[in-house]
Amino acid sequence: MFLETKRIAEAVHDAIIAASAELRHDVLAALQRAAESERFPRGRWALEQLLQNAEIAVADRVPLCQDTGSVWVWVELGEKTCLTEPLKPAIDAAVATAYREGRLRMSVVRDALFDRANTSDNTPALLDVTLRPGEGATVHVMLKGGGSDNASALKMLAPTAGLDGVREAVLDAVRATARSACPPLFVGVGVGGGFDQAAKLSKQALLRPIGQDCADPERTAFEELLLREINATGIGPAGLGGDTTALAVHVKTAPCHIASLPVAINMGCYAIRSASVCLSQ
Amino acid sequence: MTVKLPLQPDVLASLRAGQQVLLSGSVFTARDVAHARLAERLAQTPGHLPFGLAGQALLYAGPTPPSPGRPAGSIGPTTASRMDEFTPGLFAAGITAAIGKGPRSPGVRDACAKFGAVYFAAVGGAAALLGTKVVSATPVAYEDLGTEAIVRLELVDFPAVVAIDSLGGDLYASAVADWATEVGEVSS
């Protein structure tokens, strides 16, 4: 049960090239719906620029945004699968090649604190590997911009805070930072796990296509409530006022300690650039 | 309305928060590290802006490499608040305008009024579109910084909105109320 590592590397390379220039179909559709329903002229002015931007990026094969991000790669590896070669160097090589070929921006420094020299090839990727039942691998790739990631937040709530506490934490974060995070936002909310896992959940939540049923009426209702309340802030596209502050809110949850209610809010900009690919053996 | 850069004093004084503009003329890219270096230079030689920046406009942006057949790659505004601590000093030394995205600190608002400067906001994430508004790019300084270098760009019809005017009027402070009035909502 072997899976060639180079197939994962190729998937990462191709996902980077495609995602940097082309909006996810679900995101583009949400943006088009927003442009049709936005009532505030300045909000429409911003949304029309974003739609025009998406057309130019596809037609000219140029990046949607100058911040082509750092690369998050999440490999869900089938438990029965062996890789033929080391994974991390193969992924970093794919990232370096894709960023050079795609003429993307190199936005990674060697060390956050002690050596902020640019690595000049956008490596290393942020790599997560988890196991899932079965064979093959599912590869998720996301290019996350710095401006929206800076707007993210994490709070450790008391367990009794419940749904209301989570709702307040999300709205507080949106009010505080949404205007610099390139709204309309795609907000990922991770609840549970622990301090670190909540953050991962919040990012994973952005992978689910907008409009895809999460098969849980309670969760769907909560996501819809959060979206309504975020849009009721009037922050609007580009933070210049409007009906459309967010395109979607996705909530991903997990078990956690009896004393805890960790909440992470991952601010996705209007252009969440990601792709998920299933590789069979 | 088309606005020429660098701003002439009478034009600068007439701009008001909320006006949508098309910017044409020269701007200099500068983001985090370039700001820190310029602040260091100003500390050594107070009041003297290097690289011919006096009277000019800064664009907070780090572009992608140039696309084939174009002077520039994708280029859009980065978060302006990261430059807040440096901006009053740069306005005092003679920078007359800045272009970025997102709200600014009260200190920047005050500096716009005190020194007669303007902050324009462009739409974040519209970099493929905005890149088509760049007609030339000339490296100026700090090329060691790669995408964070100071580069002189010539713009034609670069869409933006006056976000803070030279009286200290702040669009980000009024945007939600503007929306609520227009659509008849009570903002929360």
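Report follows, based on the coordinates. (Residues numbered from 1 in each chain as written. Chains lettered and ligands numbered in written order. Predicted model: local features only at pLDDT ≥ 70, side-chain atom pairs only at ≥ 80, totals over all residues.)

1. Quick word on the overall build of chain A
Secondary structure assignment for chain A yields 8 helices and 12 strands. Computed over C-alpha atoms, the radius of gyration of chain A comes to 19 Å, within 12% of the 19 Å expected from 2.2 N^0.38 for 281 residues, which places it in the range of a compact globule. Across its three principal directions, the C-alpha atoms of chain A cover 50 × 50 × 40 Å. The buried share of chain A, taken over its 281 residues, is 49%. Long-range pairs, those at least 24 residues apart, make up 81% of the contacts in chain A with a sequence separation of at least 6. (Helix = DSSP H or I, 4+ residues; strand = E, 2+ residues; numbered from the N terminus. Rg over C-alpha atoms; globule rule 2.2 N^0.38 Å. Buried ≥ 20, exposed ≤ 12 C-beta atoms within 10 Å, placed from the backbone. Contact = placed C-beta atoms within 7 Å.)

2. A word on the overall build of chain B
Of the regular secondary structure elements, chain B holds 6 helices and 7 strands. In sequence order, the secondary structure elements of chain B are arranged as β-α-β-α-β-α-β-α-β-α-β-β-α. Relative to the globule expectation of 16 Å for 188 residues, the C-alpha radius of gyration of chain B, 16 Å, shows essentially globular dimensions. Referenced to the eigenvectors of the C-alpha coordinate spread, the extents of chain B come out at roughly 50 × 40 × 30 Å. Across the 188 residues in chain B, those meeting the buried criterion constitute 49%. Here the contacts in chain B between residues at least 6 apart in sequence split such that 63% fall between residues at least 24 apart.

3. A look at the interface of chain B and chain A
In this assembly, 42 residues from chain B lie in contact with 41 residues from chain A. Mapped onto the side of chain B that touches chain A, the elements with two or more residues apiece are helix 5 (127-131), strand 7 (150-164) and helix 6 (171-183) of chain B. With 9 residues, the single largest contributor to the side of chain B that touches chain A is helix 6 of chain B.

4. Regarding the sheet that holds strand 7 (residues 137-144) of chain A
Residue and element names in this part refer to chain A. Read across the sheet, 4 strands follow the order 6-2-7-12 without closing on themselves; strand pairing throughout is mixed. A single partner strand is all that each edge strand has here, and the edge strands are strand 6 (126-132) and strand 12 (273-279). Across this sheet, the average inter-strand angle for adjacent strands is 15°, counted without regard to direction. Both strand 2 (residues 70-78) and strand 7 contribute to a ladder of 8 bridges, which runs antiparallel. Across the sheet, Trp74 pairs through a bridge with His140, a residue of strand 7. (Pairing = 2+ DSSP bridges. Axes fitted to C-alpha atoms, helices over the stretch in contact; angles between N-to-C directions.)

5. Regarding the pairing of strand 5 (residues 115-118) of chain A
All names here are of chain A. Looking at chain direction, strand 4 (residues 109-111) and strand 5 are connected through 2 bridges and run antiparallel. Counterpart to Val109 in the pairing with strand 5 is Asn118. As consecutive antiparallel partners, strand 4 and strand 5 are separated by 3 residues.

6. A short note on the packing of helix 1 (residues 5-21) of chain A against helix 4 (residues 87-101) of chain A
Residues and elements named next belong to chain A. Where helix 1 meets helix 4, the axes come as close as 8 Å, and the angle between the chain directions of the two elements is 30°. Taken together, the axis directions place helix 1 and helix 4 in an arrangement best described as roughly parallel. Crossing angle aside, the handedness with which helix 1 passes helix 4 is right-handed. Counted together, Thr5, Lys6, Ile8, Ala9, Val12, His13, Ile16 and Ile17 of helix 1 and Leu87, Ala90, Ile91, Ala93, Ala94, Val95, Thr97, Ala98 and Glu101 of helix 4 form the full contact between these two elements. Per-class residue counts for the contact of helix 1 with helix 4 are 12 nonpolar, 3 polar and 2 charged. (Parallel < 35°, antiparallel > 145°, perpendicular 65-115°, else oblique. Left-handed = near helix turned anticlockwise from the far one by under 90°. Nonpolar A, V, L, I, M, F, W, Y, C, P; charged D, E, K, R; others polar.)

These figures come from the coordinates and say nothing about function on their own.
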